[in-house]
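The chain contents come next:
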Amino acid sequence: MSVAENFRAIKSELNDKIILVAVTKNHGVEVMREAIDAGATDIGENRVQEAAEKFQSLDRAVTRHLIGHLQTNKAKAAVKLFDLIQSVDSEHLAAAIDKAATAIGKVQDVLIQVNAAREPQKSGVLLEDLDALIKFVDAAKNLRLRGLMMIAPNFPDAEDCRPLFRQMRKLFDELKTSRQDFDFLSMGMTHDYKIAVEEGANVVRVGTAIFGERIYT
Ligand SMILES: *Cc1c(COP(=O)(O)O)cnc(C)c1O
């Protein structure tokens, strides 16, 4: 199946309120264009440098998501490139993004990435540190907290992710009751997005199922 067919097939499974982020990391700008021609409105990239090059040669308006870990020294470039930074996981990083956003007069939309499964190799704030980070982001003048992001463990059986997705949805709902603009719960990738959606994700980040396997050279 082509990129366009893959994209449309997944899009048609999802209700209209769910944002399908087409994850183009490690793929060229040509396939990014194919996805956009097929109706993709949201593009996800992991690395600032790679995204900068690809977005430069892209002549279409799309919503740009940074979904990978961000180093503070790239905050300036990230703020210029991305509509939504999904990977805020420390006060240090939040401060750097706020500073960069302030410098260019932008209010930067962000999600806080939560390491719900406490995987040592993964980014994301631990649950017990989430409240403090939310407070910090709230106090930052040029950040707007739009929701939460989670990357589930790569369990062989994606069903094993379900309790984590459910836990995140509960947390999201609780926070949402007392907040404004808190709209996005980003969870679910190729192997687990169906379960994430069943458990209440409203942003899914799908790469492989649209573009095929990534080739790392
Ligand atoms: C690469 C990546 C994805 C997409 O992964 P697939 O398994 O290819 O769908 C989603 N989210 C994040 C944070 C990623 O790094």
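The following refers to the structure shown. (Residues numbered from 1 in each chain as written. Predicted model: local features only at pLDDT ≥ 70, side-chain atom pairs only at ≥ 80, totals over all residues. Heavy atoms only, no water.)

Thoughts on the overall build of the protein chain
Then step 1. Helix and strand counts for the protein chain come out as nine helices and eight strands.
Then step 2. With the C-alpha coordinates aligned to their principal axes, the bounding extent of the protein chain is approximately 45 × 40 × 35 Å.
Then step 3. Across the 217 residues in the protein chain, those meeting the buried criterion constitute 52%.
Then step 4. Contacts in the protein chain between residues far apart in sequence, at least 24 positions, make up 57% of those at least 6 positions apart.
Then step 5. Working note: accessible area of the protein chain is about 10,600 Å², and carbon and sulfur atoms make up 50% of it. (Helix = DSSP H or I, 4+ residues; strand = E, 2+ residues; numbered from the N terminus. Buried < 20%, exposed > 50% of the residue type's maximum accessible area, 1.4 Å probe, protein only. Contact = heavy atoms within 4.5 Å. Areas by Shrake-Rupley, 256 points an atom, 1.4 Å probe, with all protein chains shown as cover.)

Section: the packing of aromatic side chains
Then step 1. Following the criterion strictly, the structure yields two aromatic pairs and no others.
Then step 2. Pairing F55 with F82 gives two aromatic rings, centres 5.8 Å apart and planes at 75 degrees, and the pair type is edge-to-face. Here F55, found in helix 3 (residues 48–56), pairs with F82, found in the loop between helix 4 (75–81) and strand 4 (84–88); they are 27 residues apart in sequence, far enough to count as distant.
Then step 3. Ring centres of F172 and F182 lie 5.2 Å apart, and the angle between their planes is 25 degrees; on these two criteria the pair is classed as stacked. Separated by 10 residues along the polypeptide, F172 in helix 7 (residues 162–176) and F182 in the loop between helix 7 and strand 7 (184–187) bring together distant segments of the chain.
Then step 4. Since its relative accessible area comes to 4%, F172 is described here as buried.
Then step 5. Sitting over the ring of F55, R64 keeps its end group 4.3 Å from the ring centre. (Phe/Tyr/Trp six-rings, centres within 6.5 Å; stacked < 30°, edge-to-face > 60°. Lys NZ or Arg CZ within 6 Å of the ring centre and 35° of its normal.)

Some remarks on the site of the ligand
Then step 1. As a matter of local geometry, the ligand sits amid V23, K25, N46, I67, I151, M189, T190, R205, V206, G207, T208 and R214.
Then step 2. Between the ligand and G207, the relevant distance is 2.8 Å, taken from an oxygen atom to a main-chain nitrogen or oxygen of the residue.
Then step 3. Calculation on the ligand without its partners gives an accessible area of 390 Å², and the protein chains cover 91% of this total. (Near = heavy atom within 4 Å. Polar contact = N/O pair within 3.5 Å; in protein donor to acceptor, adjacent residues only side chain to side chain.)

Examining unusual backbone geometry
Then step 1. Phi angles above zero are rare outside glycine, and N26 is one such case at about 65 degrees.
Then step 2. Residue class for N26 comes out partly exposed when judged on its relative accessible area of 27%.
Then step 3. Positive phi values are uncommon outside glycine, yet R118 reaches one of about 55 degrees.
Then step 4. Positionally, R118 belongs in the loop between strand 5 (108–114) and helix 6 (127–139).

Observations regarding the packing of helix 6 against helix 7
Then step 1. Axis separation between helix 6 and helix 7 bottoms out at 14 Å; the angle between their running directions is 25 degrees. In terms of axis orientation, helix 6 runs roughly parallel to helix 7. In this structure, helix 6 crosses over helix 7, and the sense of that crossing is right-handed. Across the interface between the two elements, L127, L130 and I134 of helix 6 pack against Q167, L171 and L175 of helix 7.
Then step 2. When the residues that make up the contact of helix 6 with helix 7 are grouped by side-chain class, the tally is five nonpolar, one polar and no charged. (Axes fitted to C-alpha atoms, helices over the stretch in contact; angles between N-to-C directions. Parallel < 35°, antiparallel > 145°, perpendicular 65-115°, else oblique. Left-handed = near helix turned anticlockwise from the far one by under 90°. Nonpolar A, V, L, I, M, F, W, Y, C, P; charged D, E, K, R; others polar.)

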